[in-house]
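# Observations on the model geometry
So you can see what is in the structure, the chains are spelled out below.
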Amino acid sequence: MLILGIETSCDETAVALYDSEKGILGQCLRTQIALHQQYGGVIPELASRDHAYYLPPLLRDLCAEAGISLSQIEGIAYTAGPGLVGALLVGAMFGRSLAYALKIPAVGVHHMEGHLLVPLLEDPQITFPFLALLVSGGHTLLVEVTQIGHYEILGQSLDDAAGEAFDKTAKLLGLPYPGGPQIQQLAQQGESGRFSLPRPLLDKPGYDFSFSGLKTAVLQLVRSQTELDHSTKASIALAFQEAVVDTLTRKCQRALRDRQLKRLVVAGGVSANQALRKALDDLLKKEGGTAHYPSLPLCTDNAVMIAYAGHYRLAKGQQGDLSVSIHPRWDLTQIP
Ligand code: KG4
Ligand code: ZN
């Protein structure tokens, strides 16, 4: 089955073609980073307009590059949530209208299910059950996955998401958006042990996370410095990254042991972080299991993951009716 995936939940406009037999046939992605960078964060109305403007030419480019005509597409999967209302509506309207014109089924996909499932596309060694750590700009979730569609949320962030904490800390250090890759790069020049930051909620039972206090601790550290030179910034970036990585790793260890799981799947934008990958690889080696990550282009938002998650749902006969419904807030366990 040939599926067109459409992703517009935040600041990436993306389309992709996934064939259940041949795999990924192509993808086109346009990031809005430059558009939002001057504001230090995503401006929802600008995001919606940009999605509406660029979706048609991106689809045209995708079909031309993949040598596929619209009439060959057999199903459409679009992100129905969670995300920005206007941005989601643009992708959903586009997907629904195109499906109506082509007389093919369309289904709304949960953005985090896309992140969660895409490692399976690249790595056939991933089998159920597994523990999933989903770390993006909007979510931090620890999920026990027994089957596709069977998700038990063990823990989540009570305030800022891990990616959001990277972005806000980067802003405090005068680094551009998105902050994750910037912090990772700067941290490489930091001096280990020069600063130490708190590991929130580690002493409490359970698997929830909290990152807003860490951001406040960074703010206080920044303010307490008489001179915020390059090497000081680098050491703060390193201390921050160490605190986030340590917190995520120890919660994963707790969940792996309690649930007796030997497989960890990490996904979402923050899963691109090399320090996090190293810490989790070390942990799984110690626990006698394996950690799996998507390739770097599939860590951050993309339409391949939406096409891939959508193909499972379309293959099961799931499809929406003509009405366009989106879910800006959407619990992963509430997917039909
Ligand atoms: O999954 P994603 O592309 O979008 C959402 O669904 O939110 O994640 C974006 C987040 C941003 O907060 C970005 O700063 C973070 O992922 N990120 C990283 C890295 N690359 C992207 N965080 C840490 N290290 C990275 N290398
Ligand atoms: Zn995402």
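Residues numbered from 1 in each chain as written. Chains lettered and ligands numbered in written order. Predicted model: local features only at pLDDT ≥ 70, side-chain atom pairs only at ≥ 80, totals over all residues. Heavy atoms only, no water.

## Let's talk about the site of ligand 1
Cut-off, in case you're wondering: A molecule or strand has a residue near it when one of that residue's heavy atoms lies within 4 Å. Polar contacts here mean pairs of N or O atoms no more than 3.5 Å apart (in protein, one a potential hydrogen donor and the other a potential acceptor; neighbouring residues in sequence count only if both atoms are side-chain atoms). Accessible surface is estimated by sampling points in the Shrake-Rupley manner with a 1.4 Å probe; for residues, cover comes only from the protein chains shown. The secondary structure listing takes helices from DSSP runs of H or I that are at least 4 residues long and strands from runs of E that are at least 2 residues long, numbered from the N terminus. By the convention adopted, Pro, Cys, Tyr, Trp, Phe, Met, Ile, Leu, Val and Ala count as nonpolar, Lys, Arg, Asp and Glu as charged, and the other residues, Gly among them, as polar.
Near ligand 1 lie 20 residues; those nearest to it are Gly137, Asp167, Gly180, Gly269 and Asp301. Within the contact set of ligand 1, an oxygen atom lies 2.7 Å away from a side-chain nitrogen or oxygen of Asp167. Between ligand 1 and Gly180 there is a distance of 2.9 Å, counted from an oxygen atom to a backbone nitrogen or oxygen. Relative to its unbound accessible area of 560 Å², ligand 1 is 90% covered by the protein chains. Mapped onto the shell around ligand 1, the elements with two or more residues apiece are α4 (111-122), α5 (162-172) and α6 (179-187). Residue contributions to the shell around ligand 1 peak at four residues, all from α6. Residue composition of the shell around ligand 1, by class: five nonpolar, 13 polar and two charged.

## Things to note about the sheet that holds strand β1 (residues 2-7)
Rules: In this scheme, strands are said to pair when DSSP sees at least two bridges between them. A fitted line through C-alpha atoms represents every axis, and for helices the fit uses only the stretch in contact; the resulting angles, taken between N-to-C directions, go from 0 to 180 degrees.
Spatially, β3-β2-β1-β4-β5 is the arrangement adopted by the five strands of the open sheet, whose pairing is mixed. Bordering the open sheet on either side are β3 (23-31) and β5 (106-110), each of which pairs with just one other strand. Ignoring which end each strand starts from, the neighbouring axes of this sheet average 20° apart. Two strands pair when backbone bridges link them, and β1 and strand β4 (residues 75-81) are joined in this way by four bridges, in the parallel orientation. Residue pairing in the sheet places Ile3 in a bridge with Gly75 of β4.

## Concerning the sheet that holds strand β7 (residues 140-147)
What counts, and what does not: A contact between two residues is defined here by any heavy atoms of the two lying within 4.5 Å.
Taking strand neighbours across the sheet as the criterion, the five strands line up as β8-β7-β6-β9-β10 in an open arrangement whose pairing is mixed. Two strands bound the open sheet, and with one partner strand each, they are β8 (150-156) and β10 (290-292). Between one strand axis and the next, the sheet turns through 25° on average, direction left out of account. Pairing analysis gives four bridges linking strand β6 (residues 130-135) to strand β9 (residues 263-267), with the strands arranged parallel. Along β9, the bridge assignment pairs Leu133 with Val266. Against the sheet, helix α9 (residues 274-287) contacts β6, β9 and β10, and its axis sits at roughly 155° relative to β10.

What is shown is where atoms sit, not what they do.
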